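Take a look at the letters that make up each chain.
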Amino acid sequence: MTDLFGGNEPRQSAHQTIAPGAMLLRGFALDDQRALLDGIDRIATAAPFRRMQTPGGHVMSVAMTNCGGAGWVTDRRGYRYSPTDPETGRPWPAMPDAFLTLARAATALAGYADFRPDACLINRYAPGARMSLHQDRDERDMTRPIVSVSLGLPATFQFGGLKRGDPVAKYALLHGDCVVWGGPSRLCWHGVLTLKDGDHPATGRLRLNLTFRGAM
Ligand code: MD6
Ligand code: FE
């Protein structure tokens, strides 16, 4: 692999297996950052970021929106995928080609052939936002992997095992990093620690995260 450059700092593009079936692809999205950020802006114009309620009635600190045929939503009725945005009643914005192409390239590199995501959840973290340990289990078919793309401020990603109490490893996810995960690690517990304040040249005081899934 060649070196990729993000800002002034030379960044080595490298691939690391973090668990069976899970790979961290450092800098993999850097070449696409402009298309990704433009796409997020367009999506958020049609389907604005919102902080949703958990079934337990807490308002999430992370603001979310979606694109693609299905979007992840939560409210007092539970977690689920919906073909429409509950705020507008309209279908979610289409998934931009650049998103799909990146997700397919990342999964192919990690050994998952012919991944066709129908959902892309967009998470927006301001300083102080966090995502507590959880499993992604609202998708219909757990044989399909997930691709996660990080943009903007760095975050500490917690990655545990299949049981809630299993030990947790920590990884810094930086601007342009991708994680592909599936197979034996598809149901691993994971979370994001409280975002520290900072100022990133591409996003300002924010972290953005895309997760691509086969939902329906
Ligand atoms: C985030 N990511 O990085 C939250 N889930 O903002 C996730 O919850 C996640 O990164 C499943 C697979 C990859 C992820
Ligand atoms: Fe998750």
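Please refer to the structure placed before this passage.
About the criteria used
- Residues numbered from 1 in each chain as written.
- Chains lettered and ligands numbered in written order.
- Predicted model: local features only at pLDDT ≥ 70, side-chain atom pairs only at ≥ 80, totals over all residues.
- Heavy atoms only, no water.
- Near = heavy atom within 4 Å.
- Areas by Shrake-Rupley, 256 points an atom, 1.4 Å probe, with all protein chains shown as cover.
- 1 Å grid on protein atoms, 1.4 Å probe; cavity = no way out; pocket = protein on both sides within 12 Å on 5 of 7 lines; lining within 4 Å.
- Sits in = over half its atoms within 2 Å of the grid points.
- Helix = DSSP H or I, 4+ residues; strand = E, 2+ residues; numbered from the N terminus.
- Nonpolar A, V, L, I, M, F, W, Y, C, P; charged D, E, K, R; others polar.
- Pairing = 2+ DSSP bridges.
- Axes fitted to C-alpha atoms, helices over the stretch in contact; angles between N-to-C directions.
- Donors = N, O, S within 2.8 Å, 3.2 Å for Na, K, Ca; no water.
- Buried < 20%, exposed > 50% of the residue type's maximum accessible area, 1.4 Å probe, protein only.
- Parallel < 35°, antiparallel > 145°, perpendicular 65-115°, else oblique.
- Left-handed = near helix turned anticlockwise from the far one by under 90°.
- Contact = heavy atoms within 4.5 Å.
- Expected span 1.5 Å × (residues − 1).
- Arc of directions from axis to C-beta.

### Re the site of ligand 1
Around ligand 1, 14 residues are found, and the nearest of them are Y125, D136, S148, H190 and R207. Within the complex, 99% of the 340 Å² of free accessible area of ligand 1 lies under protein. With respect to the pocket detection grid, ligand 1 is positioned in the largest pocket. With three residues, strand β15 (residues 207–213) is the single largest residue contributor to the shell around ligand 1. Tallied by class, residues from the shell around ligand 1 come to six nonpolar, six polar and two charged.

### Re the sheet that holds strand β9 (residues 131–134)
One open sheet holds the four strands; their spatial order is β9-β14-β11-β12, and the pairing between them is antiparallel. Each edge of the open sheet carries a strand with a single partner, namely β9 and β12 (169–173). The sheet shows a mean angle of 20 degrees between the axes of neighbouring strands, direction not considered. Here two bridges tie β9 to strand β14 (residues 190–192), and the two strands are oriented antiparallel to one another. The partner of M131 across the bridge, within β14, is V192.

### Here we look at the coordination of the iron ion (ligand 2)
Each donor-metal-donor angle would ideally measure 109.5 degrees in four-coordinate tetrahedral geometry, or 90 or 180 degrees in six-coordinate octahedral geometry. In this structure, H134 (NE2), D136 (OD) and H190 (NE2) serve as the protein donors to the iron ion (ligand 2), at separations of 2.1 to 2.2 Å. A residue is classified by how much of its surface remains accessible, and D136, at 8% relative accessible area, is buried. Assessed through its relative accessible area of 5%, H190 is described here as buried.

### Observations regarding the packing of helix α1 (residues 33–46) against helix α2 (residues 97–109)
Where α1 contacts α2, the two axes come as close as 9 Å, and the packing angle between them is 130 degrees. Between α1 and α2, the crossing angle belongs to the class labelled oblique. Between α1 and α2 lies a crossing of left-handed hand. In this structure, α1 uses A35, L36, G39, I40 and I43 to contact α2, whose residues at the interface are A98, F99 and L102.

### A few points about α2
Helical periodicity: at 3.6 residues per turn, an α-helix aligns residues three or four positions apart in one direction. Counted at 1.5 Å a residue, the expected span for α2 with its 13 residues is 18 Å, and the 18 Å between its end C-alpha atoms agrees. All buried positions along α2 are accounted for by F99, L102, A103, A106 and T107. Here the buried residues of α2 occupy an arc of 125 degrees about the axis, which is enough to place them on one side. Residues of α2 that are exposed and angled more than 90 degrees away from the buried face: D97 and T101. Looking one or two places after α2, you find G111, whose phi comes out positive at around 95 degrees.

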